[in-house]
Each structure stands twice: as structure tokens, then as C-alpha cells.
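Structural overview
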Amino acid sequence: MQRKNRLIKEFADYRHQQLTDGRFEFIRAEARFTDKHTVTLSTGKSLSAAHFVIATGSIVGPSPLPDLDQVGYLTSDTALTLDRLPKSLIVLGGGAVAVEFAQFFARFGVKITILQRSPQLIRDFDEGAADVLKEAFETEGIQVYSHTRLVSASGVPGAKQIQFEHQGKVHAVEAEEIFFGLGRIPNIDRLDLERAGVIASLETILTDAQMQTDAPHIYAVGDCTGPYEIVHIAIQQGEIAGYNIAHPDSPRAIDYRLLINIVFTDPQIASVGLTEKEARLHNIPYVAASYPFADHGKSMIMEALHGFVKLLAHPVSGEILGGCCVGPVGGELINEIAAAMYKRMTVRELASMPHYHPTLAEIWTYPAEELAEQIERKP
């Protein structure tokens, strides 16, 4: 905790220095729109501008259980401020934040139970990735219940209890503490967006590809608009909004073709571009091939045998459409496929690109070679 606090302070001090070095005016206050070009500040002052960028981020979403607020729970904001570990923990949710914190606490010796509403963990990834993660979790003693429905929360002597429905029966699990990992929502409630003509749907600010809202002079970026709660995406959105305000005659558009997702568990799970689930949903033609880390030299030496890599390619051109890595340093390895997709490389080009032996990265050449041969054999 001391190391964490020191690192955060170093980052925060640097950001504060950037914000207050005199390049622009920096004001600390809450703001509400009073009309399309004016905001009123909590300091009592008002500001008018030709353009606005809304970048208010997100907050922890509301609880689906009326009694959970009274029972109390940890969030991703509060869990990292603890000065002692709970002996046991119920994790509500199976997304990236939930599974990362679940394994984090489990490796400090906390007994973990995960209750997940969807049929699989990390539902945005393909089923194969979720299966590997669940197997790894169960090996570590983490109990996972998928496809559940939360029924109630209550305090019991010396513990907290969650009742949930699973496979047609109501079960109860008790723990010293509960972690709420069921997602976040845009932090926009207090902005009075309707006075500015900004439309929000399902609590999310609507924008076009240029990051403009329904009020064209007002832009929104980051978690308050989505569709992805990822730092590097928010940065791209902010850069596009800033560029378009400065260059209205040659606007740029956001492109999610190279979307990267990473879950920092062990094994790490990462993807870029198209997944098989998305391809099937949108009827996008593709071919796919995978290769297991359990049969790869460097990962065998490292005894990192969980997982696989997978490539998706266009069935005619061979252009790489997506990649998935479940395994050691997957978050690092996925960047090779992101770079290849950025240059629109084919699987044949990736297979022909030199890779040092023995390295983890050379595992990508195996599914690339398989797909290249498969595509070339087609009439």
C-alpha cells in the first residue's frame, strides 16, 4: 500500500504540474450548463465558450439489490485503500475489474467467491478465453458461479450474505466483505445536459465519429460517452475532439478497428480487432486458427502452460482481422498483432516476418502459417 501510494503521488504530482504550469487556466469547481454556451460553476462564477469538451469520466454503477447499500461493499475505488485484508470476499461481477480484483485478493490468501450474471466470465471475449481463465481460477481455489441472478443482500452475525439463484435453485454465500464489480456508469447526472441540447441515452452521452454531441459545438470523450471504458481509447477520442475543434474544415473520425482489450489476470487475456463472437454476430466472413502455449517451447520452459493464441483473417485476402492471446504476458504480446493490423498485414506476411527463437512472440507464426496455407489452398 505504501508503494502504491508513492507511485500514485508521483503520477499525480506530475499531472498537477502539467495542469498548473501556466499554459492555460485551470479551475477546480463543479460545472452545470445553463445554456448551450454557458456553464455555472460551484464557485458562483459563470464561463462562456464557443466549444466544450465533456470528459467527466464514470462512477460506480447503482446496486441491483436494494439492501446492498445498507450492508456495505468495496469498490474498485475503495478496495485499494484497505489497511487490512478481509478473510473472505464475495465478488459480484465477472468483467475485467471483477476478475482482476478477485485474483489480486486470492493471491493474498483471501477466500474468494465470484457471482457472475452472464453465462461466462469476461463476456466480451470469446468463450475459449473465458474457459481458460475459469480453469485457472478454480485451480487457485477461487469458486466461480456463472449465469446467476442476485436475490438479496443481508448482514448476518460476523459476516455479510448474498442470496443468488443458480441452476434453478436459491443459494446463499457468506463472507467478511463484498466487492461490487458490476460496472460503472457515466458521471453526467449533475451537468444539466438538456439545457445545452446534449442528448444522453441509457445514461451515456451520444456522439458521432467526430466525437460531437447533438449540440455540434459540444464534444464528449472517455467513459462518459463510451462505447469502451479504456484509457488509450479515451486519449484517442480526446485528441480527435481537440483536432476537430481546431480544424473544422478537415475533421478526423475515431476508428475502433484496432480496439485492444486486456485483462490483467494470470494468465493475461488480450484481444485486438475482431473476435469470433463479433464476426458471427455481424456475419463477417473469416477464417481462424489457434495454437496452445502448452506446446510452445518458451512457455514450456517458463511453465506457463495455460492458454493459447488465435488469429482471425479474411478468407480471401488473408488480411489479419483480429487476434486473441490468453497466456503469459498476453497484454504485451497482443501489441504485435495490433502493429500488424495497423499496417494491414496478411497472415502470410506475419508468418514470414523473422521472430527470434526461443521467444514467446514467435508463437504467433504458427496460426499465421496455418491460415496462410489454408487460404492458399482454396480454389
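Report follows, based on the coordinates. (Residues numbered from 1 in each chain as written. Predicted model: local features only at pLDDT ≥ 70, side-chain atom pairs only at ≥ 80, totals over all residues. Heavy atoms only, no water.)

**Points about the side chain of His166**
In this structure, His166 sits in strand β10 (residues 159–166). Exposure remark for His166: the relative accessible area of 14% places this residue in the buried category. With residues near it in sequence (within four places) discarded, His166 still touches Tyr145, Ser146, His147, Thr148 and His171. (Helix = DSSP H or I, 4+ residues; strand = E, 2+ residues; numbered from the N terminus. Buried < 20%, exposed > 50% of the residue type's maximum accessible area, 1.4 Å probe, protein only. Contact = heavy atoms within 4.5 Å.)

**So, the pattern of salt bridges**
In this structure the tally under the stated criterion is 15 salt bridges. The partner of Glu376 in a salt bridge is Arg348, with the nearest N and O atoms 3.1 Å apart. Of this pair, Glu376 sits in helix α10 (residues 365–377) while Arg348 sits in helix α9 (residues 347–352), and the two are 28 residues apart along the sequence. For Glu376, a relative accessible area of 53% translates into the label exposed. Within the structure, one salt-bridge network assembled from shared partners comprises Arg107, Glu140 and Asp266. (Salt bridge = Lys/Arg side-chain N within 4 Å of Asp/Glu carboxyl O.)

**Quick look at the sheet that holds strand β21 (residues 320–327)**
Across the sheet, which stays open at both edges, the five strands sit in the order β17-β18-β21-β20-β19 with antiparallel pairing between neighbours. Lying at the two open borders of the sheet, with one neighbouring strand each, are β17 (260–263) and β19 (287–292). In this sheet, neighbouring strand axes are inclined to one another by 10 degrees on average, regardless of whether the strands run parallel or antiparallel. In this sheet, strand β18 (residues 268–273) lies alongside β17 in antiparallel orientation, the contact comprising four bridges. In the sheet register, Val263 faces β18, and the bridge partner there is Ile269. (Pairing = 2+ DSSP bridges. Axes fitted to C-alpha atoms, helices over the stretch in contact; angles between N-to-C directions.)

**Brief notes about empty space enclosed by the protein**
Within this structure, the stated rule accounts for one cavity of 30 Å³ or more. Looking at the largest cavity, its volume works out to about 30 Å³. Asp126, Leu274, Thr275, Leu312, Gly323 and Cys324 are the residues that line the largest cavity. The class makeup of the residues in the lining of the largest cavity is three nonpolar, two polar and one charged. (1 Å grid on protein atoms, 1.4 Å probe; cavity = no way out; pocket = protein on both sides within 12 Å on 5 of 7 lines; lining within 4 Å. Points joined across faces, edges and corners; volume = space filled by probe spheres on them. Nonpolar A, V, L, I, M, F, W, Y, C, P; charged D, E, K, R; others polar.)

**A look at α10**
The terminal C-alpha atoms of α10 lie 18 Å apart, and with 13 residues this matches the ideal 18 Å at 1.5 Å per residue to within 8%. For α10, every residue scored as buried is listed here: Thr365, Pro367, Ala368, Leu371, Ala372 and Ile375. In a view along the axis of α10, the buried residues occupy a sector of 160 degrees, so they form one face of it. At its buried positions, α10 is contacted by β19, β20 (308–313) and α9. (Expected span 1.5 Å × (residues − 1). Arc of directions from axis to C-beta.)

**Some remarks on a nonpolar patch on the surface**
Together, Leu19, Phe24 and Phe26 make up a nonpolar patch on the protein surface, roughly 250 Å² of accessible area in all. With respect to the helices, strands and loops of the structure, Leu19 is situated in helix α1 (residues 2–19). (Patch = residues over 30% accessible without salt bridge, like charges linked within 9 Å, V, L, I, M, F, W, Y side chains within 5 Å. Areas by Shrake-Rupley, 256 points an atom, 1.4 Å probe, with all protein chains shown as cover.)

**Thoughts on the pairing of β21**
The buried fraction of β21 is high, at seven of eight residues. When β18 meets β21, the two strands line up antiparallel, connected through six bridges. Following the sheet pairing, Ser271 is matched in β21 by Cys324. Inspection of the sheet shows β20 paired to β21 by six bridges, in the antiparallel sense. Across the sheet, Leu311 pairs through a bridge with Gly323, a residue of β21.

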